[in-house]
Amino acid sequence: MQRVLALAIAALAAGGIAPTASADSVTDWNLVSGQVQPAYGAPPSRAYLGAMVQLAVHDALNSIDPRYESYSVLPLANPNANPDAAVAAAARDVLIHELSRAPDNAGKIAARALVE
């Protein structure tokens, strides 16, 4: 994963596009997702959870400013909607839903508290 990220940054730099250094709501929620994934299960399950969060975030942002094909059927949002709120709602909803599935345990309870 680190190698892929390094290659992507190198490709952007070679194309004359400098990546931004500041964190945004997407990267903030990526961090939260990564922190709670161990409570979700084994590595394949964690990867699945991360993918679901990213798909939800993509579709939430894409419903505000449609640029790409969506993964699910969502109505178009108000173009003046707050993208940060859309990201937060999408990531939170997926994480809470999936971390609320049985069986419940102390790790999932703590993970849900972190998400909230």
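Residues numbered from 1 in each chain as written. Predicted model: local features only at pLDDT ≥ 70, side-chain atom pairs only at ≥ 80, totals over all residues. Heavy atoms only, no water.

Undergrad: Would you take a moment to explain the pattern of salt bridges for this structure?
TA: Charged atoms that come close allow side chains of opposite charge to pair. Under the counting rule described, the total for this entry stands at 5 salt bridges. With a closest N to O distance of 3.0 Å, Asp104 and Arg112 form a salt bridge. One salt-bridge network, in which partners are shared between bridges, spans Arg92, Asp93 and Glu116. (Salt bridge = Lys/Arg side-chain N within 4 Å of Asp/Glu carboxyl O.)

Undergrad: Whenever I open this one, the packing of helix 2 (residues 25–36) against helix 4 (residues 83–99) confuses me. Can you help?
TA: In helix packing, the relevant descriptors are the interaxial angle and the interaxial distance, both defined with respect to the helix axes. Contact pair helix 2 / helix 4: the axes reach a minimum separation of 9 Å and the direction vectors enclose 10°. If you check the angle between helix 2 and helix 4, you find them roughly parallel. Contacts between helix 2 and helix 4 involve Ser25, Val26, Trp29, Val32, Ser33 and Val36 from the first element and Asp84, Val87, Ala88, Ala91, Arg92, Leu95 and Leu99 from the second. (Axes fitted to C-alpha atoms, helices over the stretch in contact; angles between N-to-C directions. Helix = DSSP H or I, 4+ residues; strand = E, 2+ residues; numbered from the N terminus. Parallel < 35°, antiparallel > 145°, perpendicular 65-115°, else oblique. Contact = heavy atoms within 4.5 Å.)

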